[in-house]
Amino acid sequence: MDPFPEYGLAEPFIPSRFNWSPGMRVAGVDEVGRGPLVGAVVTAAVILDPEQPIVGLADSKKLTEKKRLLLEEEIKSKALCWALGRAEPAEIDQLNILHATMLAMQRAVQALSLDAHAVLVDGNRVPALPCPAEAVVKGDGRVPAISAASILAKVARDREMALLHQQYPQYGFDRHKGYPTKVHLAALNEHGALAEHRRSFGPVSAAIAQGKLF
């Protein structure tokens, strides 16, 4: 059965790892920030309220910043519960980005105020969890709860990059959000690596090897 019948999806995702029934709390989980050279990888877990469907949920990358902010507020007010998780740059360097992302997802699910009966995760991998979990490729555009999680994670991480930009405006974090754009790579080369940079990522380790530290 469709875990989100209240959304009337034309092509609902039907889980194969668990049998959904009314009353089951299904959390959607997504991450933002696997590719950047700087900052944490941020995750979110959301259990939507079937009595309060939210119009306009979609992959956060396909929404304008204004729309994401409006939906963030609505998700936080209408969801049964939501939580953020994260893995810091030092953890990413120690574990690698994949394992750090799985850890951040575990933390988001564990932080939910209500236990999830099942979890749907965007992508093709799932972390170890105490309940059934299933990966959904392109789930942020297919599963409402994952869409909601992608929006919360995106808004949270973008805010962190805005704050980092205030501290280090010469790096342009407000524009590229830490991704390895030409602007970011040029700033890294000119100003050096920050404490917030991920030292295990190639361009950062190369800058450090050349003695380029902020």
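Our subject in this report is the structure included herewith. (Residues numbered from 1 in each chain as written. Predicted model: local features only at pLDDT ≥ 70, side-chain atom pairs only at ≥ 80, totals over all residues. Heavy atoms only, no water.)

1. A closer look at the side chain of Thr43
Now for step 1: When you line up the elements, Thr43 lands in strand β2 (residues 41–47).
Now for step 2: Taking the relative accessible area as the measure of exposure, Thr43 reaches 0% and is therefore buried.
Now for step 3: Here Ala104 takes part through its backbone oxygen, which lies 2.7 Å from a polar atom of the side chain of Thr43.
Now for step 4: With near-sequence residues (within four places) excluded, Thr43 lies in contact with Asp30, Glu31, Ala83, Leu84, Gly85, Arg86, Thr101, Ala104, Met105, Ala108 and Ala153. (Helix = DSSP H or I, 4+ residues; strand = E, 2+ residues; numbered from the N terminus. Buried < 20%, exposed > 50% of the residue type's maximum accessible area, 1.4 Å probe, protein only. Polar contact = N/O pair within 3.5 Å; in protein donor to acceptor, adjacent residues only side chain to side chain. Contact = heavy atoms within 4.5 Å.)

2. So, the pairing of β2
The side chains of a regular strand alternate, first on one face of the sheet and then on the other.
Now for step 1: For β2, the buried fraction is high: seven of the seven residues fall into the buried class.
Now for step 2: In the sheet, strand β1 (residues 26–32) pairs with β2 via six bridges, with the strands oriented antiparallel. Across the sheet, residue Gly28 finds its bridge partner in β2, namely Val46. (Pairing = 2+ DSSP bridges.)

3. Description of the sheet that holds β1
Pairing between the strands of a sheet is mediated by backbone hydrogen bonds and can be parallel or antiparallel.
Now for step 1: Read across the open sheet, the five strands follow the order β3-β2-β1-β4-β5; overall the sheet is mixed. Among the strands making up the open sheet, the edge pair consists of β3 (81–87) and β5 (133–136). Taken over all neighbouring pairs, the strand axes of this sheet differ in orientation by 20 degrees on average, direction set aside.
Now for step 2: By the bridge criterion, four bridges tie strand β4 (residues 118–122) to β5 in an arrangement that is parallel. Bridge pairing links Val121 to Ala135 in β5.
Now for step 3: Along the sheet face, helix α4 (residues 144–167) touches β1, β2, β3, β4 and β5 and points at about 35 degrees away from the line of β1. (Axes fitted to C-alpha atoms, helices over the stretch in contact; angles between N-to-C directions.)

4. A look at the nonpolar core
Now for step 1: One finds Phe4, Val46, Leu48, Leu57, Ile75 and Leu120 to be the most contacted residues of the largest nonpolar core, which totals 31 residues.
Now for step 2: Elements represented by at least two residues in this core include exactly β1, β2, α1 (65–78), β4 and α4.
Now for step 3: With nine residues, α4 is the largest single contributor of residues to this core.
Now for step 4: Among residues more than four places away in sequence, those in contact with Ile75 are Val46, Ile54, Leu57, Ala148, Ile151 and Leu152.
Now for step 5: Core analysis: the second largest hydrophobic core is formed by 18 residues, Cys81, Ala83, Met105 and Leu129 among them. (Core = buried A, V, L, I, M, F, W, Y, C linked by side-chain atoms within 4.5 Å.)

5. As for the environment of Phe18
Now for step 1: When you line up the elements, Phe18 lands in the segment before β1.
Now for step 2: Each C-alpha atom, one on Phe18 and one on Ile54, is 24 Å from the other, the two residues being 36 residues apart in sequence.

Remember that the coordinates give geometry; whether it matters functionally is a separate question.
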